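Listed below, chain by chain, are the residues.
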There are 2 protein chains.
Amino acid sequence: MAPHQIGIIGLGKIAQDQHLPVIKANPDFELLAVASQRGLQPDEAKYSFQDYQDLLKIPEVEAVSICTPPQVRHQIARDALLAGKSVLLEKPPAATLSELEDLKELAAKVGKVVFTTWHAQYNKAVEEAKKALAGWTIKRLLVTWKEDVRHWHPGQQWIWQAGGFGVFDPGINALSIVTRIMPEPVFIKTSSLEFPANRDAPIAAHLTFSMSHGQGDLEAIFDWRQTGPQTWDIEVETEAGLSLKLTHGGSCLEIGGRQVVQEEPREYEGIYRRFDELLNTRQSEVDDAPFRLVGDAFMVGKRVQVEAFED
Amino acid sequence: MAPHQIGIIGLGKIAQDQHLPVIKANPDFELLAVASQRGLQPDEAKYSFQDYQDLLKIPEVEAVSICTPPQVRHQIARDALLAGKSVLLEKPPAATLSELEDLKELAAKVGKVVFTTWHAQYNKAVEEAKKALAGWTIKRLLVTWKEDVRHWHPGQQWIWQAGGFGVFDPGINALSIVTRIMPEPVFIKTSSLEFPANRDAPIAAHLTFSMSHGQGDLEAIFDWRQTGPQTWDIEVETEAGLSLKLTHGGSCLEIGGRQVVQEEPREYEGIYRRFDELLNTRQSEVDDAPFRLVGDAFMVGKRVQVEAFED
């Protein structure tokens, strides 16, 4: 099968670090064009535009990966779908849940593929954790997602604006693993959101969850103020005594204290393998569960003001 | 057809003011049982229980109306569906969007009806407004929903808790009219939420919206501090110059300055007519659009602290 001719819209850090090299290394894709407001022109692309509308005019472009900040994704994705292009959406897939619902409906209407990507789900350790937990009753869940925002988001002011998600920008990665591995859905029961006095998005969050069969002891702690060692761990314990721990953002898995998976993350390789399948079979994949949990966490969240944060 | 034997779970203000008399007056329903934690025993019901689980054990009960505060609706609705009962949900249908999604999936699985009710949608004026706007491009939307919380929610502490929705408890009625009458979806662009210093839910909100074809001039103002005349108005103007105004919470409609509908609200009569149809045809009706907009408003909301509020 001829490779999919693809475009990238938005050439920020994630596009440069992941999408460009991963597309280059995957023979099922050919990067035809990019659109960058700043006018970046990577060597890998045949065409470079400042205005994404120009990219959408190229008939050979079958699909686009939208890697802009989430606030503008909905309009770009709509325009792409209406121009007959399939769409891969970086996480989070839109600025709001209503925008994502709209894209889901529009993709079905125009017969094109929309693919919401949650990169943390594409780890072998996550897949193995899902298999290990299938069918069991969960007793305990502890998500600890603590990182240094100064290191990981240097100068990214949009994450601190209202609608920029704050600590849920990394936290949604953890939630996307939780919704993937848990054998039954979790629901947010309480949420405490810490807003720095000078910011419109939370720097830390503490969530507790329930499941339909009862409470359990289920919680998540997100914090963006972690210096020194960074922590991206998910611990799960079943009623029957199985204990499992995902570490390093979901790339390593211990079961019963024994390391069973330890891999360098190759998340975006998995994303583009899946995108190839979806394009070939003309199927959309819209997983809104992680995003919905974030909406819920804000909706039921108790706001706590904490000291101002300067980068 | 024999009347539907029905139960009511939760006998607070809305159940007493609306559900009890409306069911009594509708020959398609027969109130068989109620469950009230406070032990209320209305004359209309054959059986009264404190524990809703006892109500669910009555085989003749075909369906239940869940009128408790939203925080406990999900668990009760799950138990009802699993006991083989269809479910009518007061607004908002659950505490979180994930809970509602779960009920939607469970109802489909067990083959029972779930019905999310948005009472403000059941006004003749709302239906006429929808017809008048169909197919037109909207230029302007102004929602003004200002009421006196002390009058309408005396002593209801749960509305002020985190997850109690605050001013979105009435505001969601306005949003349910907006999603019903607008010829295309609206998306929340900005949201400003005013939290009293001593409360965990907003007392006022200012929302701006976009549509997929562009910005327009679309906004909503919710305020719970209105004394004197109360305002529940929605004004809409189309590009072509049609101007329309719903007043009195959606029960009166002016088009081009002329009053075309003026009716006492008979919202719950409409709700139970619709529930009868859904039960007879075994169809669920889950409209999550108004609830999703509330989640979005919290998620992208800028929090502003205002003076403490005492009832």
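Keep in mind the model is a prediction, meaning the values are calculated, not measured.

Colleague: Which parts of the structure should I look at to understand the nonpolar core?
Modeller: With 114 residues, the main nonpolar core has A:Phe168, A:Phe222, B:Phe168 and B:Phe222 as its most contacted residues. Apart from residues no more than four positions distant in its own chain, B:Phe222 is found in contact with B:Val143, B:Trp145, B:Val167, B:Phe168, B:Gly171, B:Ala174, B:Leu175, B:Ala204, B:Ala205 and B:Leu207.

Colleague: Whenever I open this one, the sheet that holds strand E3 (residues 47-49) of chain A confuses me. Can you help?
Modeller: All names here are of chain A. As summarised here, the arrangement of the six strands in space is E3-E2-E1-E4-E5-E6, forming an open sheet in which the pairing is parallel. Because the sheet does not close on itself, it has two edges, and the strands there are E3 and strand E6 (114-116). In this sheet, neighbouring strand axes are inclined to one another by 25° on average, regardless of whether the strands run parallel or antiparallel. In this structure, strand E5 (residues 86-89) lies alongside E6, joined through three bridges in parallel fashion. Of the residues in E6, the one forming a bridge with Val-87 is Val-114.

Colleague: Would you mind going over the sheet that holds strand E5 (residues 86-89) of chain B with me for this structure?
Modeller: Hydrogen bonds along the backbone pair up the strands of a sheet, which may run parallel or antiparallel. Residues and elements named next belong to chain B. Strand order across the open sheet formed by six strands is E3-E2-E1-E4-E5-E6, with parallel pairing between neighbours. Either end of the sheet is taken by a strand with one partner, and the two such strands are strand E3 (47-49) and strand E6 (114-116). The mean angle between the axes of side-by-side strands here comes to 25°, regardless of whether they run parallel or antiparallel. Two strands pair when backbone bridges link them, and strand E4 (residues 63-66) and E5 are joined in this way by four bridges, in the parallel orientation. Counted as the bridge partner of Val-64 is Val-87 from E5. Strand contacts of helix H3 (residues 73-82): strand E1 (4-9), E4 and E5, with the helix running at about 160° to E5, the strand carrying the most contacts.

Colleague: Sorry, what's going on with the packing of aromatic side chains here?
Modeller: Ring pairs (aromatic) are described by centroid distance and by the angle formed between their planes. The full count for this structure, using the stated rule, is 22 aromatic pairs over all chains. On the numbers, 5.3 Å between centres and 85° between planes, the contact of B:Phe29 with B:Tyr272 is edge-to-face. Pair noted here: B:Phe29 is in strand E2 (residues 29-35) and B:Tyr272 is in helix H8 (residues 267-281), with a separation of 243 residues, a long-range link. For the pair B:Phe29 and B:Tyr272, a shared accessibility class is recorded, and that class is buried. Accessibility expressed as a relative area gives 0% for B:Tyr272, which makes it buried. Linked through ring pairs, A:Phe29, A:Phe115, A:Tyr272 and A:Phe275 together constitute an aromatic cluster. Residue placement shows A:Arg199 over the ring face of A:Trp160; its charged tip is 4.7 Å from the ring centre.

Colleague: Even after reading the chapter, I still don't get the packing of helix H4 (residues 97-110) of chain A against helix H9 (residues 289-299) of chain B, so can you show me in this structure?
Modeller: In a packed pair of helices, the relevant descriptors are the angle between the two axes and the axis-to-axis distance. Contact geometry of H4(A) with H9(B) gives a least axis separation of 8 Å together with a crossing angle of 130°. When the axes of H4(A) and H9(B) are compared, the pair comes out oblique. Packed against H4(A), whose contacting residues are A:Leu97, A:Ser98 and A:Glu101, the element H9(B) presents B:Arg292, B:Leu293, B:Asp296 and B:Met299 at the interface. Split by residue class, the contact of H4(A) with H9(B) holds three nonpolar, one polar and three charged.

Colleague: When you look at the relation of the copies chain B and chain A in this model, what are you seeing that I'm missing?
Modeller: The operation relating the two chain copies consists of a rotation about an axis and a shift along that axis. Of the two same-sequence chains, chain B is brought onto chain A (RMSD 0.0 Å, axial shift 0.0 Å) by a rotation of 180°. With respect to symmetry, the two chain copies, as superposed, fit the operation of a two-fold axis. Most of the interface of chain B is mirrored in chain A: 100% of its interface residues are interface residues there too.

Colleague: Teacher, can you tell me more about the domain arrangement of chain A here?
Modeller: A common way to express how large an interface is: the accessible area buried when the components associate. Residues and elements named next belong to chain A. Splitting chain A by domain gives domain 1 (4-116) and domain 2 (120-263 + 295-306). Between domain 1 and domain 2, the C-alpha centre-to-centre distance is 28 Å. The interface is formed by 10 residues belonging to domain 1 together with 12 residues belonging to domain 2. In total, about 750 Å² of surface goes out of reach between domain 1 and domain 2, with carbon and sulfur atoms giving 62% of it. Interface area lost by domain 1 to domain 2 is led by Gln-71, Lys-91 and Pro-92, which between them contribute 51%. In this structure, the connection of domain 1 to domain 2 is made through one salt bridge. A salt bridge links Lys-91 to Asp-169; its shortest N-O distance comes to 3.9 Å.

Colleague: Is there a simple way to think about the interface of chain B and chain A in this case?
Modeller: Contact with chain B, which involves 33 residues of that partner, is made by 33 residues of chain A. Of the roughly 2900 Å² buried between chain B and chain A on both sides combined, carbon and sulfur atoms contribute 58%. Contact with chain A buries area across many residues of chain B, yet B:Phe187, B:Met299 and B:Arg303 alone supply 23% of it, more than any other trio. Counting across the chain B and chain A interface gives six salt bridges. Note that B:Glu101 and A:Arg292 form a salt bridge whose closest N and O atoms lie 3.8 Å from each other. Across the chain B-chain A interface, the total number found is eight residue pairs in polar contact (both at pLDDT 80 or more).

Calculation criteria
Residues numbered from 1 in each chain as written. Chains lettered and ligands numbered in written order. Predicted model: local features only at pLDDT ≥ 70, side-chain atom pairs only at ≥ 80, totals over all residues. Heavy atoms only, no water. Core = buried A, V, L, I, M, F, W, Y, C linked by side-chain atoms within 4.5 Å. Buried < 20%, exposed > 50% of the residue type's maximum accessible area, 1.4 Å probe, protein only. Contact = heavy atoms within 4.5 Å. Pairing = 2+ DSSP bridges. Helix = DSSP H or I, 4+ residues; strand = E, 2+ residues; numbered from the N terminus. Axes fitted to C-alpha atoms, helices over the stretch in contact; angles between N-to-C directions. Phe/Tyr/Trp six-rings, centres within 6.5 Å; stacked < 30°, edge-to-face > 60°. Lys NZ or Arg CZ within 6 Å of the ring centre and 35° of its normal. Parallel < 35°, antiparallel > 145°, perpendicular 65-115°, else oblique. Nonpolar A, V, L, I, M, F, W, Y, C, P; charged D, E, K, R; others polar. Least-squares fit on C-alpha atoms with pLDDT ≥ 70 in both. Domains from an automatic or database assignment. Buried area = accessible area lost by both parts, 1.4 Å probe. Salt bridge = Lys/Arg side-chain N within 4 Å of Asp/Glu carboxyl O. Polar contact = N/O pair within 3.5 Å; in protein donor to acceptor, adjacent residues only side chain to side chain.

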